Amino acid sequence: MPNSGTGAVTRSTLRQQIADALRDEVLGGRLQAGQEFTVKEIAEQYGVSATPVREALVDLSAQGLLEADQHRGFRVPSYTVDDFRGMIEARSLIIDGMFQALDNGHGEERNLDDPRTAALVAGIRRRGEEAKRAAGLGDLTILIGYDLRFWRELSALFGNPYLADFLNRLRVQAWVCTVQHLRALTDLRGRLWAGHTELVDALAHRDLAATRTILATHNAHALALIERLGSA
């Protein structure tokens, strides 16, 4: 029995390690849109058994990072500008609904005056500062990591894990699409949205008008960039 448990832990660890590695490859643009691969190919690449690889690939498919094909294995999704518009619209509806909860005052996690929540907000702001710094430097890999963490932690404040999970999936998919188009640029400095701290500050002041303005600017900036690159 102990050996069985150890094997389960090892497989789970491998599963996560493989998922993390492939996730970085997709978000880093090293696995390109439309690229296909099988469980066997990935298992051979990492020198592991097929089971943790299959589980990792299924996990990534559930997150929107890969697409599963019953006959060909898995592929990196290829997103169009229209796909990106749909992602922007969907995530905007989710975010606006979550922020609207500030007016309702239901639930401890929405009380931004609570000391514990204030500490969480301070941590989220630090994540926003790092994202802003990465955007200024044009470091896309660092920016994506901090941006996704920023939004995961921010959405968790509003007490609905289903919305938070859905938002994270949409943001991951949007980044996959963005990375595919940003490959056309050699210098990203000053080209990427960096309004994270301003957004946190507006929320901390319960200024919903300001948060909506910031989000509208964010969406317009992202959409204009992808549309420009998509038509190039």
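Here the structure is a predicted model, which is why all the values come from computation and not from measurement.

## Description of the overall build of the protein chain
Phase 1: Along the protein chain, the regular secondary structure elements total nine helices and three strands.
Phase 2: Order of helices (α) and strands (β) in the protein chain, N terminus to C terminus: α-β-α-α-β-β-α-α-α-α-α-α.
Phase 3: For the protein chain, buried positions account for 41% of its 232 residues.
Phase 4: Within the protein chain, contacts between residues separated by at least 24 positions form 74% of all contacts whose residues are at least 6 apart in sequence.
Phase 5: Summed over all atoms, the accessible surface of the protein chain reaches about 12,200 Å², with 52% contributed by carbon and sulfur.

## A word on the pattern of salt bridges
Phase 1: Applying the stated criterion to the full structure yields 17 salt bridges.
Phase 2: Between aspartate 96 and arginine 212 there is a salt bridge, with its nearest N and O atoms 2.7 Å apart. Taken together, the residues aspartate 96 in helix α4 (residues 81-104) and arginine 212 in helix α9 (residues 208-230) connect sequence positions 116 residues apart.
Phase 3: The exposure class assigned to arginine 212 is partly exposed, which follows from its relative accessible area of 35%.
Phase 4: The partner of glutamate 198 in a salt bridge is lysine 132, and the shortest N-O contact between them spans 3.2 Å. You can see glutamate 198 sitting in helix α8 (residues 196-204) and its partner lysine 132 sitting in helix α5 (residues 115-137), a full 66 residues away along the chain.
Phase 5: For glutamate 198, a relative accessible area of 36% puts it in the partly exposed group.
Phase 6: Judged by relative accessible area, which is 36%, lysine 132 ranks as partly exposed.
Phase 7: Within the structure, one salt-bridge network assembled from shared partners comprises Glu36, Glu67, Asp69 and Arg75.

## Re the side chain of glutamine 180
Phase 1: Here glutamine 180 lies in helix α7 (residues 161-182).
Phase 2: Here tyrosine 79 takes part through its backbone nitrogen, which lies 3.4 Å from a polar atom of the side chain of glutamine 180.
Phase 3: If we skip the residues at most four places from it in the chain, glutamine 180 touches Ala33, Val76, Pro77, Ser78 and Tyr79.

## Details of α7
Phase 1: With 22 residues, α7 should reach 32 Å at 1.5 Å per residue; the first-to-last C-alpha distance of 31 Å fits that figure.
Phase 2: Near the N-terminus of α7, the side chain that reaches the backbone nitrogen of tyrosine 162, with its oxygen 3.1 Å away, is that of asparagine 160.

## Some points on the nonpolar core
Phase 1: Ranked by size, the top nonpolar core spans 44 residues in total, and within it Phe37, Leu57, Phe84, Leu140, Leu143 and Leu182 carry the most contacts.
Phase 2: Of all the elements in the fold, those that place two or more residues in this core are α1 (2-27), α2 (39-46), α3 (50-62), α4, α5, α6 (140-156), α7 and α9.
Phase 3: Among the elements that line this core, the one with the most residues is α7, at seven residues.
Phase 4: Beyond its immediate stretch of four places on either side in the chain, leucine 143 contacts Ala131, Ala134, Ala135, Trp175, Leu192 and His196.
Phase 5: Residues Ile94, Phe150, Leu154 and Leu208 belong to the second largest nonpolar core, which totals 21 residues.

Rules used in this analysis
- Residues numbered from 1 in each chain as written.
- Predicted model: local features only at pLDDT ≥ 70, side-chain atom pairs only at ≥ 80, totals over all residues.
- Heavy atoms only, no water.
- Helix = DSSP H or I, 4+ residues; strand = E, 2+ residues; numbered from the N terminus.
- Buried < 20%, exposed > 50% of the residue type's maximum accessible area, 1.4 Å probe, protein only.
- Contact = heavy atoms within 4.5 Å.
- Areas by Shrake-Rupley, 256 points an atom, 1.4 Å probe, with all protein chains shown as cover.
- Salt bridge = Lys/Arg side-chain N within 4 Å of Asp/Glu carboxyl O.
- Polar contact = N/O pair within 3.5 Å; in protein donor to acceptor, adjacent residues only side chain to side chain.
- Expected span 1.5 Å × (residues − 1).
- Core = buried A, V, L, I, M, F, W, Y, C linked by side-chain atoms within 4.5 Å.

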